[in-house]
Amino acid sequence: SPRPALGIWFTRWVNYNAFDVDGIVREYAERSIPLDIFVLDMNWHKKDDWTGYSWDERLFPYGGAEAIKPLKEKLNLRFGVNIHDDTGVGHWEDKYEEFAKAVGWDTSKNETVPFLSCGDETYAYALEDVVMKPLREDGVDFFWIDWQQGQGEGGCLGDDLNPSYNPTIQLNKLRITDEIRNNGADGSDRSMILARWGGLGNHRYQVGFSGDVDQVQWDRLAYQPYFSSTAANVGFGLWSHDLVGAQADDPELFLRWLQWGAFSSIFRTHDRGMSSGGCADTDEGCNLLHIWDLPQDMFVVARDFIQLRSSLMPYIYTATKQMHDTLLSFLRPMYLDFPDSSDAFSACTADGSMSQYMFGDSMFIAPVVSPSNATTGLAEKSVWVPPGEWVDQETGDVYSGPASVTLSVPLSSVPRFSRLGSVIPTSPPRTGAQFGSALEPPTSLVFNVYLSPSSPSLSGSGEVYSDDGETNAYYFTDDAHTITTLSYTYESGKFDAKLTTTSSSPIKATVKVHNCPFTASPSATFSAPTMTCSIPLSSGSASATFEVGGSAPSVAGLAGVLSRANRAKSTLDEAQLTPGSMTGGQGEAAKLSRVASLCAVLEHAFSTGDGAGFDGAVGGARGMMEEAKAEVADLLETVDEGERGRVVAALALLG
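Residues numbered from 1 in each chain as written. Predicted model: local features only at pLDDT ≥ 70, side-chain atom pairs only at ≥ 80, totals over all residues. Heavy atoms only, no water.

**Q** What's the story with the pairing of strand 14 (residues 416-419) in this structure? I'm lost.
**A** Taken residue by residue, a regular strand's side chains alternate between the two faces of the sheet. Sheet topology places strand 11 (residues 363-365) next to strand 14; three bridges connect them, and they run antiparallel. Paired with Met363 across the strands is Ser418, a residue of strand 14. The pairing of strand 12 (residues 379-392) with strand 14 spans three bridges and is classified as antiparallel. Counterpart to Trp390 in the pairing with strand 14 is Arg419. (Pairing = 2+ DSSP bridges. Helix = DSSP H or I, 4+ residues; strand = E, 2+ residues; numbered from the N terminus.)

Dropping the structure here:
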C-alpha cells in the first residue's frame, strides 16, 4: 500500500459539501492534529440510489476537480470516496450513456444497467474505465468498496446463503490492478482500496474494512485488537476498524479507542451516523464525533497519541516493507514470536481480558480496553511479559519474562514495551499544521535506544527503509529506495553510536537513549521527565561517546517515578490539598512537592556537570517517593469526606 495509508485518516457518513471539507481540514490545522487521508462516505454521490458513481452537484457543483484537487496539491492529502456497486449503473449517472454504449445496453427505457462485474469481462472493464476512471481524474486516489460481502449477484455463482464466489474479492482485485492494467507495473502508482473481506486470498488487496461498529461499547473496543492480531494468521496485516466516538457521558471510551488506534494497522476515525440525526434533539445528545469534542484534558492526550502515531512512521513503514517481503504482519499475535510459550496463546482474547500483540519486531503493545476505576482514575491492566527483558517505554521500568504483571494505567498512558537494547526509529516532534506527513521521506530521524544501565553490555541496530511511498519503482529499480542504519554498542559504561545511510541526500539524526544516566558529553542534551539523553549525529557515518555515572543501576524506571509524583501533585493541587502548598506551610516537609521537583534538580546537575549531585538525586528518589506516600496517606486523617476520593486517587498514582 502507499505510505499515506499508514498515517491518519478521517471518515464520516454525513452530507458534507466542499465548504464542510475545508472546515474539517482547518480544524485539524488549528489544533496541530496530523491528517493524511480524507474519505467521503456515500453522501458525496447523487442520491437516486444506494449505488452511486457521480458527484452530487448540489454539494460539489464542479465535482472533485475543484473540491479536492486543490487540497491535494496544497496540503499533500489523499482522498477516497465510498462506493456501493450493488445495483449497477443507473440512468441518472453522468456516464450512463457512454457506459451503456460500451456494454451494448439499450438506453431507450432508461433502465439501470445491472451489476455484472463477476461474470462479464466487458462490463467489468467498462465500469472501471468509463465510470470510475473520471473520478480518479477528479482527484480521487482510491475507493472504499463498501458492499456487503458474500452475495451472489453480478454474475457470481451461488446465492446469498451459499455463494461460491464472492463479488467483493473481484472488485477488490479490479480496483487494485486498474493502475497496472492501464499504465504497466513499472510505470504505475501503487494502488490501494478500503474494502470489505472478500475471503481467503484477499490479503493481496488491502486495506481491509472490518464493517460498522454496531454498538459503541467497551466489549466492541476489546474485540478489535484480537481481530487485527489474529488476522495475521491468514496474512491479512492491514485491517482498518472504525475508531468511533462514544456518548458524551463516556469520553474515556472514545479516548481509549483512539489510543488503541494509534497502535493499530490503520488509524481511521469514523462515524457511521451516530453523531447526528434524531439524537441531536434529545437530552442525551449524539455520540462524540471529533477528537476536539473530548474534554480538554482528554483531547490533549488523544492528540499526543495521534502525533505519536505519526512520528512512528519510519518504524511502521519499515515493518510494512518487511511484511511485504515475508507475509509476516507487523501487528501480530504474541504466539507467532513466542510459539514455545503456552501463555503467548492466551495473551490476546476476544473479550479483552488479555489484550496485547506484537507491533513490529521490537515492540509489543497492551492497549487498555476496559474502563478505569471511578475513584482512582486508573485502569487495571494484566500484561504477559514474554521471554527476555523488556523496557516500558513510558516509565523506563525493565521487566524480565516470562512473567505476568498487573499495571495501574492512567488515562494518559498505553502500556508499550521495547526489547531491551532495541532501536526504534521515529520522526522528530512537529508543531503547527501536519498534513501529508506520512508521505514525506524521512530527512530527519530520531533513533530511540532502550537500555538498562545495569546491563554489563549491550549492542544493537535499527534501520529505516524509505522509498517514494507511492510508486512501484522500489520493485524495479535498485536505487529507488534507501536504508539508513543506526548501530551502537554499550559496554563498561560507554555508549558508541554509528549512523550509515545509502541516501544521497543529507540525513539528520539524533540518538535518544532511554534510561540514560549522567553524561559529561558536551554534545548531549538531557531530559529528566523522560530520563533520556539525546546525541546529534550527522549524515553519513559518525559516532558519539559518553560515559555513565555511578547511579546507573537506579536510573531504570525513574521516569515513571517522576511522572507519578507529578500527577499526584497535580491531583492534589486542584483542590489545594498538596502538603506545604498554602500560606503558613513553609515549615512543612512538603515531601511530595520535593520528589515531584526532582526533574529540575537532575537537569540542573546535568547542565552544571555535577555528577555527584545527579547521582545523589537519582539514588534518593525512591526513598523520597515512599516518604511522599506516607505524607499523602496522613491527609486521610484530616481532609473532609468529599476530599477523600481525591487523596485516594493521588495515593493510587504514587503506587
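**Q** Would you explain the packing of helix 4 (residues 96-103) against helix 5 (residues 121-137) in this entry?
**A** The N-to-C vectors of helix 4 and helix 5 enclose an angle of 150°; their axes lie 9 Å apart at closest approach. Judged on the interaxial angle alone, helix 5 and helix 4 are roughly antiparallel. As for how helix 4 packs across helix 5, the hand of that crossing is right-handed. Packed against helix 4, whose contacting residues are Glu98, Phe99, Ala102 and Val103, the element helix 5 presents Thr122, Tyr123, Ala126, Leu127, Val130 and Val131 at the interface. (Axes fitted to C-alpha atoms, helices over the stretch in contact; angles between N-to-C directions. Parallel < 35°, antiparallel > 145°, perpendicular 65-115°, else oblique. Left-handed = near helix turned anticlockwise from the far one by under 90°. Contact = heavy atoms within 4.5 Å.)

**Q** What's the story with the packing of aromatic side chains in this structure? I'm lost.
**A** For any pair of aromatic rings, the description rests on two quantities: the centre-to-centre distance and the angle between the ring planes. Under the counting rule described, the total for this entry stands at 35 aromatic pairs. With a centroid separation of 6.3 Å and 70° between ring planes, the pair formed by Phe338 and Trp390 is classed as edge-to-face. Of this pair, Phe338 sits in the loop between strand 9 (331-332) and strand 10 (357-359) while Trp390 is found in strand 12, placing the two residues 52 residues apart along the sequence. Grouping residues by exposure puts Phe338 and Trp390 together as buried. Each residue in the set Phe10, Tyr16, Tyr28, Phe38, Phe79 and Trp292 is aromatic and connected to the rest through ring pairs, giving one cluster. Over the ring of Phe19 we find Arg26, and its NZ or CZ is 5.9 Å from the ring centre. The ring of Tyr465 carries Lys321 above its face, with NZ or CZ at 5.1 Å from the centroid. (Phe/Tyr/Trp six-rings, centres within 6.5 Å; stacked < 30°, edge-to-face > 60°. Buried < 20%, exposed > 50% of the residue type's maximum accessible area, 1.4 Å probe, protein only. Lys NZ or Arg CZ within 6 Å of the ring centre and 35° of its normal.)

**Q** Would you explain helix 17 (residues 641-654) in this entry?
**A** An α-helix turns once every 3.6 residues. As a result, residues three or four positions apart point the same way. Between the first and last C-alpha of helix 17 there are 21 Å, a value that for 14 residues agrees with the 20 Å anticipated at 1.5 Å per step. Those residues of helix 17 not exposed but buried are Val647, Ala649, Ala650, Leu653 and Leu654. For helix 17, the angular spread of buried residues about the axis comes to 155°, placing them on one side. The secondary structure elements touched by the buried residues of helix 17 are helix 13 (558-573), helix 14 (591-596) and helix 16 (611-634). Positive phi shows up at Gly655, right after helix 17, with a value of about 85°. (Expected span 1.5 Å × (residues − 1). Arc of directions from axis to C-beta.)

**Q** Sorry, what's going on with the pattern of salt bridges here?
**A** Any two side chains of opposite charge can pair, on the condition that their charged atoms come close. Applying the stated criterion to the full structure yields 28 salt bridges. In this structure, Asp242 engages Arg268 in a salt bridge whose closest nitrogen and oxygen atoms are separated by 2.6 Å. Placement of the pair is Asp242 in the loop between strand 7 (239-240) and helix 8 (251-262) and Arg268 in strand 8 (residues 267-269), with a sequence separation of 26 residues. For the pair Asp242 and Arg268, one class covers both residues: buried. With a shortest N-O distance of 3.0 Å, Glu440 and Arg430 are connected by a salt bridge. (Salt bridge = Lys/Arg side-chain N within 4 Å of Asp/Glu carboxyl O.)

**Q** Got a minute to help me understand the state of the cysteines in this structure?
**A** Throughout this description, disulfide means a covalent bond between two cysteine sulfur atoms. Applying the stated criterion to the full structure yields one disulfide. In this model Cys516 forms its disulfide with Cys533; the gap between the sulfur atoms is 1.9 Å. Of note, the bridge from Cys516 to Cys533 carries an S-S torsion of about -85° and is left-handed in sense. You can see Cys516 sitting in the loop between strand 20 (508-514) and strand 21 (525-527) and its partner Cys533 sitting in strand 22 (residues 532-537), a full 17 residues away along the chain. Like Cys533, Cys516 is buried. Take Cys599: it sits in no disulfide, and the sulfur closest to it among the cysteines is that of Cys533, at 14 Å. You can call Cys599 buried: its relative accessible area is 14%. (Disulfide = S-S within 2.5 Å.)

**Q** Looking at this model, I keep getting lost on the packing of helix 15 (residues 598-608) against helix 16. Mind explaining?
**A** When two helices pack together, their arrangement is given by the angle between the helix axes and the distance between those axes. Put simply, helix 15 and helix 16 touch, their axes get as near as 9 Å, and they point 165° apart. Between helix 15 and helix 16, the crossing angle belongs to the class labelled roughly antiparallel. The chirality of how helix 15 crosses helix 16 is left-handed. Along its contact with helix 15, which presents Leu598, Val601, Leu602 and Ala605, the element helix 16 presents Gly613, Phe614, Ala617, Val618, Ala621 and Met624. Residues belonging to the contact of helix 15 with helix 16 are distributed by class as follows: nine nonpolar, one polar and no charged. (Nonpolar A, V, L, I, M, F, W, Y, C, P; charged D, E, K, R; others polar.)

**Q** Whenever I open this one, unusual backbone geometry confuses me. Can you help?
**A** Glycine aside, residues mostly have negative phi, and peptide bonds are mostly found in the trans state. Looking along the chain, the bond that leaves Gly401 and enters Pro402 is cis, with omega of 5°. Secondary-structure assignment places Pro402 in strand 13 (residues 398-409). Here the phi dihedral of Ser32 falls at roughly 55°; this positive angle occurs in a residue that is not glycine. Its place among the elements puts Ser32 in the loop between helix 1 (18-30) and strand 2 (37-40). Here Ser32 falls in the buried class, since its relative accessible area comes to 16%. The backbone phi angle of Asn110 is positive, close to 55°, even though this residue is not glycine. Within the secondary structure, Asn110 is located in the loop between helix 4 and helix 5. Note on Asn110: relative accessible area 39%, which makes it partly exposed.

**Q** Explain the pairing of strand 22 to me, please; I cannot follow it from the model alone.
**A** With five of six residues buried, strand 22 is to be regarded as a mostly interior element. Pairing of strand 20 with strand 22 involves six bridges; the strand directions are antiparallel. When the bridges of strand 22 are listed, Ala509 appears paired with Leu537. Relative to strand 22, strand 21 is paired through three bridges, and the arrangement is antiparallel.

**Q** Is there a simple way to explain the sheet that holds strand 13 in this structure?
**A** Strands pair in a sheet through their backbones, by hydrogen bonds, and they do so in one of two ways: parallel or antiparallel. Pairing in this open sheet of six strands is antiparallel, and the strands run 9-10-11-14-12-13 from one edge to the other. The two strands at the open ends of the sheet, each matched to only one other strand, are strand 9 and strand 13. Relative to strand 10, strand 9 is paired through two bridges, and the arrangement is antiparallel. When the bridges of strand 10 are listed, Leu331 appears paired with Phe359.

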